[in-house]
Amino acid sequence: MRKNDKVMHLISALLIIGMVSGLALTGCGQQEAPAPAAAEQAETDEVKKEEAQASPEEKAEVQTESKDVSALLEEADQLVSDNASKVKQDDAREDAMANISRAIDLYKEAASGDAGAAGSGIVNAFNVYKDGALDRVLMLLNLETGIDIYEETQLQLDTVIELGEGLASEGYRVDLTDLQDKKKSVAEDYKSRIISQIDTMLAESHQDIVQNEEYVGKALKLFEVNDPTDPLQMRYAYTKAMLVHQEVQDDMKAGKGDAKDWFNKIVEALPEACYAEFLMEEAEQLAWQFNAHEAYFEKVSLPVIEDSDEREYKRKDIDELKLSAAEMRYARMEIYARHNVKLLDKDAAKALGVTKGTDIYSFKPYDEKNGLKGLERRTVRAIAELELDNITSGYFAIGD
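Before going into details, it helps to say that this report is about the structure given with it. Treat the numbers as computed from the prediction; the structure is a model and nothing was measured.

1. Overview of the overall build of the chain
Thought 1: Of the regular secondary structure elements, the chain holds 15 helices and 0 strands.
Thought 2: Across the 400 residues in the chain, those meeting the buried criterion constitute 39%.
Thought 3: For the chain, the proportion of contacts with a sequence separation of at least 24, taken over those separated by at least 6, is 67%.
Thought 4: Put simply, the chain shows about 23,300 Å² of open surface, and 49% of that area lies on carbon and sulfur atoms.

Spelled out as structure tokens, the structure:
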């Protein structure tokens, strides 16, 4: 073999050996990730390493976590068990309900955000708390009627409803239906009780007018009444009218102001006093003293609106009748005359056939049995509003 051929054979052999070595190295490179069993072992070793490096406090927290949840649930269960009957006892209810509230907090702490972990315990505790609140409300309803008592019933119900809504928003299956129904029924029933109480107050011969107006006004706000024909609103309007009447009488006796001042005081109060007829007529009498318009008091053909006791006349209906100021006045008064209410204007009373009628200053519930019908009350209001809005056009005897 020639020398050059030997060199070539040697180079070829070296290349073959290099390729084999490269394949072997490449195979090693493909085993960078350990086999599954080896990976699990590596993770275990890592956890052990972390545990070995953890502080004593961290180790204790891990070891006692499950024990703490059990302890929280056990404490909560015990609180509910110990106080379930006490929430129904008047002398123990307050502390018992505080303990039930504490139990709910413990259940929630044990749940750690998971509504299912302590859900049944929370629902049971809430039902116990609810029973206590409803028993408290029942006890209050058996007490003497009073606005402060009603406010306390609403506070009790609102507190438990707020608690229930909070739990429901967190995913706990609490039932609030009976609470909402109870709140509504208590409001309706107690409003009737307050109205009956007010009627007794107004029937007293020596009533405190200022106190009545304050009491009924507070009740009006409490029940959030906005309907001008609502029974409570009508009673407030009467107490307001009587208060203004008394203030004007006191000013007259004290020589404070003059007819125009007293007239303006009444006119300003008329809307809030629901256009009480005695205030309307007092304003007319005062206007006669400083701004006389005889045409306002002239007699007219009667009846002015023949069927005003059978149908309601709205403001646009009255506008369409094109009544004079005097006719408008009689249209208002004839509605009261049909119910035999005494009028301050004796000539008008005689013309309308009222002789021994009901005192115009007495409270009239405005129902078909005791006073004006609802449709009559609304017609009177429409007439009075129109008169007041056009006060400088001859109404109330006032002119330019």
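2. What to know about the side chain of Glu-376
Thought 1: Mapped onto the elements, Glu-376 comes out in helix 15 (residues 374-389).
Thought 2: Buried within the structure, Glu-376 lacks any salt-bridge partner; its nearest side chain of opposite charge belongs to Arg-338, at an N-O separation of 4.5 Å.
Thought 3: For Glu-376, the side chain forms a polar contact with the main-chain nitrogen of Lys-373, separated by 2.8 Å.
Thought 4: Non-local contacts of Glu-376, meaning those with residues more than four positions away in its chain, are made with Ser-308, Asp-309, Ile-335 and His-339.

3. Comments concerning the pattern of salt bridges
Thought 1: According to the stated counting rule, one finds 22 salt bridges in the structure shown.
Thought 2: With a shortest N-O distance of 2.6 Å, Asp-389 and Arg-315 are connected by a salt bridge. Of this pair, Asp-389 sits in helix 15 while Arg-315 is found in helix 12 (residues 315-321), placing the two residues 74 residues apart along the sequence.
Thought 3: Residue classification places Asp-389 among the exposed residues on the basis of a relative accessible area of 53%.
Thought 4: Here the salt bridges share partners, and the residues they tie into one network are Glu-277, Glu-284, Arg-329, Arg-332, Asp-345 and Glu-387.

4. Focus on the nonpolar core
Grouped burial of nonpolar side chains is what soluble globular proteins tend to show.
Thought 1: Counting 109 residues, the largest nonpolar core has Leu-232, Phe-263, Leu-279 and Phe-396 as the members making the most contacts within it.
Thought 2: Excluding its chain neighbours within four sequence positions, the residues that come into contact with Leu-232 are Lys-191, Ile-194, Ile-195, Ile-198, Val-216, Ala-219, Leu-220, Phe-223 and Val-225.

5. Let's talk about unusual backbone geometry
Leaving glycine out, the prevailing phi sign among residues is negative, and the prevailing peptide bond configuration is trans.
Thought 1: Here the bond from Leu-302 into Pro-303 is cis, since omega is -5°, no more than 30 degrees from zero.
Thought 2: By secondary structure assignment, the location of Pro-303 is in the loop between helix 11 (277-290) and helix 12.
Thought 3: Unusually for a residue other than glycine, Cys-274 sits at a positive phi of about 55°.
Thought 4: Here Cys-274 lies in the loop between helix 10 (259-269) and helix 11.
Thought 5: For Cys-274, a relative accessible area of 7% gives the class buried.
Thought 6: Even without a glycine there, the phi angle at Phe-396 is positive, about 60°.
Thought 7: Overall, Phe-396 belongs to the buried group, its relative accessible area being 0%.

6. Describing helix 10
Thought 1: For helix 10, the set of buried residues is Ala-259, Trp-262, Phe-263, Ile-266, Val-267 and Ala-269. Taken end-on, helix 10 shows its buried residues confined to a sector of 165°, consistent with a single buried face.
Thought 2: Where helix 10 is buried, its residues contact helix 9 (231-254), helix 11 and helix 15.
Thought 3: With a side-chain oxygen lying 3.2 Å from the backbone nitrogen of Lys-260, the N-terminal cap of helix 10 falls on Asp-258.

7. Thoughts on the layout of surface pockets
Thought 1: Of the pockets and cavities examined, the largest pocket occupies roughly 210 Å³.
Thought 2: Asp-90, Arg-93, Glu-94, Met-97, Tyr-129, Ala-133, Arg-136, Leu-155, Gln-156 and Thr-159 are the residues that line the largest pocket.
Thought 3: Those elements that provide at least two residues to the lining of the largest pocket are helix 4 (93-111), helix 5 (119-141) and helix 6 (147-169).
Thought 4: Looking at the lining of the largest pocket residue by residue, the classes come out as 4 nonpolar, 2 polar and 4 charged.

8. A look at the environment of Gly-119
Thought 1: Along the chain, the position of Gly-119 falls in helix 5.
Thought 2: Judged by relative accessible area, Gly-119 falls into the buried class, the value being 14%.
Thought 3: For the pair Gly-119 and Leu-167, spaced 48 residues apart in the sequence, the C-alpha separation amounts to 9.9 Å.

9. Remarks on the packing of aromatic side chains
Thought 1: Following the criterion strictly, the structure yields 9 aromatic pairs and no others.
Thought 2: Seen from their ring centres, Tyr-238 and Phe-278 are 6.4 Å apart, and the 85° between their planes marks the pair as edge-to-face. Remark: Phe-278 occurs in helix 11 and Tyr-238 occurs in helix 9; sequence separation between them is 40 residues.
Thought 3: Of the residues examined, Tyr-238 reaches a relative accessible area of 9% and is grouped as buried.
Thought 4: Residue classification places Phe-278 among the buried residues on the basis of a relative accessible area of 3%.
Thought 5: In textbook terms, an aromatic cluster arises when at least three aromatic residues are bridged by ring pairs, as seen for Tyr-238, Phe-278, Tyr-361 and Phe-363.

The rules behind these values
- Residues numbered from 1 in each chain as written.
- Predicted model: local features only at pLDDT ≥ 70, side-chain atom pairs only at ≥ 80, totals over all residues.
- Heavy atoms only, no water.
- Helix = DSSP H or I, 4+ residues; strand = E, 2+ residues; numbered from the N terminus.
- Buried < 20%, exposed > 50% of the residue type's maximum accessible area, 1.4 Å probe, protein only.
- Contact = heavy atoms within 4.5 Å.
- Areas by Shrake-Rupley, 256 points an atom, 1.4 Å probe, with all protein chains shown as cover.
- Lys, Arg positive; Asp, Glu negative; His and termini not counted.
- Salt bridge = Lys/Arg side-chain N within 4 Å of Asp/Glu carboxyl O.
- Polar contact = N/O pair within 3.5 Å; in protein donor to acceptor, adjacent residues only side chain to side chain.
- Core = buried A, V, L, I, M, F, W, Y, C linked by side-chain atoms within 4.5 Å.
- Arc of directions from axis to C-beta.
- 1 Å grid on protein atoms, 1.4 Å probe; cavity = no way out; pocket = protein on both sides within 12 Å on 5 of 7 lines; lining within 4 Å.
- Points joined across faces, edges and corners; volume = space filled by probe spheres on them.
- Nonpolar A, V, L, I, M, F, W, Y, C, P; charged D, E, K, R; others polar.
- Phe/Tyr/Trp six-rings, centres within 6.5 Å; stacked < 30°, edge-to-face > 60°.

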